Amino acid sequence: MRALRCMIVDDEPLAVRLIESFVNKTQDLELVASFTDSVEAVNALREEKPDLLFLDIQMPDMNGMELARIVPTETRIIFTTAFKEYAFESYEVSALDFLLKPIRYNKFIAAVEKARQWFGREETPAPTAAEKDDETIFIKVDGEYRQIALQNILYVSGMKDYVMFFLEGERKALITHLTMKSVEDMLPASQFMRVHRSYIIALNKIRSVDRNDCIYIGDEIIRVTDAYREEFSKFLNSKFPGNK
């Protein structure tokens, strides 16, 4: 796999130098640029579009969470901070990992390995059923963080700045402050698909699809809209080659 292009944004010069040293001594990493001013980093991020951004959270002018929401979509974020209370909040911007300061090299390497797996996912074997069972995400519900197994998700429905997670075995949906785009980034494309502006479905939970492109899943009937029909048809045809 090609070297991953990295950028560092942290208002502490010592922290920047430490991560620079980690990047420089790690195989398959290439340092593009470092910044101690988050505002100055914005244009460089848009121009360079690095693979990895090592990003501090507590910074003046523009904090890490604010910056994370405007980075290029192809850039994966690894947060670096001295405040562990931000760990779960990092899921809201689909961070790849979270490193707590003082950062040790072994923790840095573990985060980089996640990045290697992310960018090399098309070259790696698909996870086994047992591995999929272990996959989870965290979402914030009523002020608490809930860990959800991906295998339990039926579908996700969006409403303005909130989304509802509908799970097998639970009568009430879990409501959290996220966008549909951020949820789409959180969920693996091999298991989930957006079929409507307001719906993401678990592909292996589909009970049936009728001739009007209505998906029957859980207790819901979800209509595939025009914007997503071609991609969904490709999925159906891959499962049933005779379905033209």
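Conventions adopted
- Residues numbered from 1 in each chain as written.
- Predicted model: local features only at pLDDT ≥ 70, side-chain atom pairs only at ≥ 80, totals over all residues.
- Heavy atoms only, no water.
- Pairing = 2+ DSSP bridges.
- Helix = DSSP H or I, 4+ residues; strand = E, 2+ residues; numbered from the N terminus.
- Axes fitted to C-alpha atoms, helices over the stretch in contact; angles between N-to-C directions.
- Contact = heavy atoms within 4.5 Å.
- Salt bridge = Lys/Arg side-chain N within 4 Å of Asp/Glu carboxyl O.
- Buried < 20%, exposed > 50% of the residue type's maximum accessible area, 1.4 Å probe, protein only.
- Patch = residues over 30% accessible without salt bridge, like charges linked within 9 Å, V, L, I, M, F, W, Y side chains within 5 Å.
- Areas by Shrake-Rupley, 256 points an atom, 1.4 Å probe, with all protein chains shown as cover.
- Phe/Tyr/Trp six-rings, centres within 6.5 Å; stacked < 30°, edge-to-face > 60°.
- Lys NZ or Arg CZ within 6 Å of the ring centre and 35° of its normal.

A.B. asks: Whenever I open this one, the sheet that holds strand β1 (residues 4–9) confuses me. Can you help?
C.D. replies: Sheet strands pair via backbone hydrogen bonds, and the direction of the pair is either parallel or antiparallel. Ordered in space as β2-β1-β3-β4-β5, the five strands form an open sheet in which the pairing is parallel. The strands lining the two open edges of the sheet, one partner per strand, are β2 (29–35) and β5 (97–100). Adjacent strand axes in the sheet meet at a mean angle of 20°, parallel and antiparallel pairs treated alike. The strands touched by helix α1 (residues 13–24) within the sheet are β1, β2, β3 (52–56) and β4 (76–81), with β2 carrying the most contacts at an inclination of about 165°. Against the sheet, helix α4 (residues 105–119) makes contact with β1, β2, β3, β4 and β5, and its axis sits at roughly 170° relative to β5, the strand it touches most.

A.B. asks: Teacher, can you tell me more about the pattern of salt bridges here?
C.D. replies: Pairs can form between side chains of opposite charge once their charged atoms are near each other. All chains considered together, the criterion is met by 13 salt bridges. Between Lys 101 and Asp 10 there is a salt bridge, with the nearest N and O atoms lying 2.7 Å from each other. Residue Lys 101 is located in the loop between β5 and α4, and its partner Asp 10 is located in the loop between β1 and α1; the two are separated by 91 residues in the primary sequence. Judged by its relative accessible area of 16%, Lys 101 is buried. What makes Asp 10 buried here is its relative accessible area of 0%. The salt bridge involving Glu 170 is made with Arg 146; its shortest N-O contact spans 3.3 Å. Linking Glu 170 in the loop between β9 (162–167) and β10 (174–176) with Arg 146 in strand β7 (residues 144–149), this pair joins segments that are 24 residues apart in sequence.

A.B. asks: Looking at this model, I keep getting lost on a nonpolar patch on the surface. Mind explaining?
C.D. replies: The grouping of Met 159, Tyr 162 and Ile 175 at the surface amounts to a nonpolar patch, some 260 Å² of accessible area in total. Within the secondary structure, Met 159 is located in strand β8 (residues 153–159). With relative accessibility at 36%, the residue Met 159 sits in the partly exposed group.

A.B. asks: Help me understand the packing of aromatic side chains in this model?
C.D. replies: To describe a pair of aromatic rings, you give the distance between the ring centres and the angle between the ring planes. Under the criterion given, the structure shown has seven aromatic pairs. The interplanar angle of 55° and the centroid separation of 5.2 Å between the aromatic rings of Phe 22 and Tyr 105 together place this pair among those described as tilted. Residue Phe 22 is found in helix α1, and its partner Tyr 105 is found in helix α4; the two are separated by 83 residues along the sequence. Using a relative accessible area of 6% as the deciding quantity, one classes Phe 22 as buried. Looking at Tyr 105, the relative accessible area reads 27%, which means it is partly exposed. Taken together, Phe 22, Phe 54, Tyr 105 and Phe 108 form an aromatic cluster joined through their ring pairs. When the ring centre of Tyr 105 is taken as reference, the NZ or CZ atom of Lys 25 above it lies at 4.3 Å.

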